[in-house]
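Given next are the chains, with one letter for each unit.
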Amino acid sequence: MKKITMILVIIAMSTSLGLAKTPDPIMIKPVNGDMTPIIYQILEEAETKDIQLVFEKGVYRFMPDYAFGKYLDITNHGNGYKRIIFNFTKFRSVSITGNGAEFIFHGQAMPFLFENCERVKISDLVIDWDIPFTFLGEVIAVNEEEGYRDIKPFRDGFSWKIRNGKLEFPDIDGFSYSIPGSTLAFDPSEKRPIHGAWDIHSHPRWVEKLPNGNLRFYEFLKHYPPVGALLSSKGDREHDRYAPAFDFKTSSNIELDGIIIHHALGMGFLFERSENIKLIHCGIYLREGTNRVISSTADATHFCNCKGSILIENCRFENMLDDGTNVHGTYVEVDEVIDTSTVRVKLMHFEQRGFQFATPGDEVWFIRQPSPERGETAVVRNVKFINDTFIDISFNAPLPAGLKPGDILENKTWNPEFTMRGCTIKNHRARNVVLKTPLKTIIEDNRFSSMMSSLFFRGETFFWFESGAVNDVLIQNNTFEYCAYSGSEHAVLNITPRLGKTFDPSLIYDRNIRFENNTIRTFGNRIVSADRVDGLTIKNNKIIKTFGIPELYPNTPLIELTNCTNTVIQGNRYEGDCETKIKADEPSTLNLSVGHNAGF
């Protein structure tokens, strides 16, 4: 009797822990026409919390018409009602085996949503759109005095029209952007932003269709694109990030292997308050032979208030219109102190609206101006959402004395360890890697080429309100080639917190960043720019200045230090003609160690 009872207990425990028998996989084959209703029915009728989908290799087409609809708050995207093709909100575990299947989406569609999933494994899929949500044309002529540029538009594979003197694209299913908006010039042979490229917010007075079929944009610009460049636009900033290809919300134990994204209407992979994540052999890049220059219209990967471990390994990210990766938390600002243990806080950026900053049990840092130091902590007792902007948070302990409106809070619990190795990131707008986590971070054995800074550290309470300060970063054995070629000034390694005016600009922010055994080949001088760092080590790096490409800022130093302390510059080798190797302000010289460098 005792033996039978024990067996029943084991079965009950296994079921409660999610160890019950996994259901049989659902085998899916491609059909002619729209696959969306088939997927909708499969997911709607599934009676288990665990699902396995196995796709036969082939081409699957998805339309938004009969997709599942839901209002979503999506960080760093536009909130709103989304048409979701694969909606995994009711499942505990999800397994998708792609076998190299190609998923081709049409129109405003959100491919994948995962909410509250405890285990996700996806492999061997290709994601693309039949028609991209971008406009592309070759610059034929520029007249700066009269304020116009002539563009030969791409027609094959693109959708656009001229109506009432306005360019509208992509002209799909009743949706189109009414202005070019965010626009960038690309080199036609290299398919990367042109040397010295500037972001353009394009809003022409009118657009004229010329007799030869070209388009004339009447618009005075601060920075005109050169003749021969390819000019790509993605629409106005309020609407040009519809949704990521993959959105993971409050999910865990995520493994993505061999997923290739050729286009997305926002980021490629977005992770919000999720934990323990692996991306292996994944890619965001152009399809071979395409005439496009844009893959995803925002970051390749983005991690917001995640925790556990994150690994990105042997991945390839190219031709995005934003960063290769961004790892950060979220600052919220104190709006009102309600009582001795409760504050009302405000989500400060319009693309943070509705974000779940904290839940009961989370530990939170209090940061009181003018110091950016993480101060006292307290554990959240209760959270009440007033609306998508304001949140009331009660704590298990009294608030720190003197806490006042304008001070900021940072979630201590939701920060990850982060590792990136063996990856290639190039040919895209903005930065290769943006880092803002206080836990252990390793960036090693990668190949980077960047329009802006390759490695960017910027916790800030100025615009994006992305936390936070780093404490333990190792950057080693990477190759940097042709970096910081944007028109505005950048550095290969750029550490530059941007805090509001009420914070002291001289106080330390980031700590313990080691930049070691890397190889840098680039045309410009500025390799490292560091502001407010304690414990920066620049050691055993090989820096080679390449010639034949115009310098953009020839008078800048190799290494510039501002309000830094305990900096070590040792064992580096420089080949080039930069006159100023190290520039340091007075606070940075007090604990500066320089030695055994060649070419300095």
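Just above sits the structure.
Definitions and limits used
- Residues numbered from 1 in each chain as written.
- Predicted model: local features only at pLDDT ≥ 70, side-chain atom pairs only at ≥ 80, totals over all residues.
- Heavy atoms only, no water.
- Pairing = 2+ DSSP bridges.
- Helix = DSSP H or I, 4+ residues; strand = E, 2+ residues; numbered from the N terminus.
- Axes fitted to C-alpha atoms, helices over the stretch in contact; angles between N-to-C directions.
- Buried < 20%, exposed > 50% of the residue type's maximum accessible area, 1.4 Å probe, protein only.
- Contact = heavy atoms within 4.5 Å.
- 1 Å grid on protein atoms, 1.4 Å probe; cavity = no way out; pocket = protein on both sides within 12 Å on 5 of 7 lines; lining within 4 Å.
- Points joined across faces, edges and corners; volume = space filled by probe spheres on them.
- Nonpolar A, V, L, I, M, F, W, Y, C, P; charged D, E, K, R; others polar.

For the rest of this paragraph, the subject is the sheet that holds strand 11 (residues 161–163). Strands in a sheet are paired, the pairing made by backbone hydrogen bonds, and the direction either parallel or antiparallel. Strand order in the open sheet made by the three strands is 11-12-13, with antiparallel pairing throughout. Sheet topology places strand 11 and strand 13 (175–177) at the edges, where each strand pairs with a single neighbour. Here the strands of the sheet are splayed against their neighbours by 40 degrees on average, with no regard to which way each runs. Pairing analysis gives three bridges linking strand 11 to strand 12 (residues 166–172), with the strands arranged antiparallel. Its bridge partner being in strand 12, Lys161 is matched across the sheet by Glu168.

Let us look at the pairing of strand 19 (residues 230–233). The two faces of strand 19 match: Leu230 and Ser232 on one face and Leu231 and Ser233 on the other face are all buried. Sheet topology note: the strand 9 (residues 135–143)/strand 19 ladder contains four bridges and is antiparallel. Looking across to strand 19, one finds that Phe135 is bridged to Ser233. Examined bridge by bridge, strand 14 (residues 181–187) and strand 19 share four bridges and lie antiparallel to one another. Of the residues in strand 19, the one forming a bridge with Ala185 is Leu231.

Another aspect to go through is the environment of Glu373. Structurally, Glu373 is set in the loop between strand 30 (363–367) and strand 31 (377–385). Considered as a pair, Glu373 and Ala469 are 96 residues apart in the sequence and their alpha carbons are 8.9 Å apart. For Glu373, the residues in contact, after removing those within four places along its chain, are Phe366, Ile367, Ile508 and Arg511.

Across all of its chains, the model carries five cavities of 30 Å³ or more by this definition. The space that makes up the largest cavity amounts to roughly 130 Å³. Taken together, 15 residues make up the lining of the largest cavity; nearest its centre are Ala484, His490, Gly524, Asn525 and Arg526. Class assignment of the residues belonging to the lining of the largest cavity gives a composition of six nonpolar, seven polar and two charged. Estimates place the volume of the second largest cavity at around 40 Å³.

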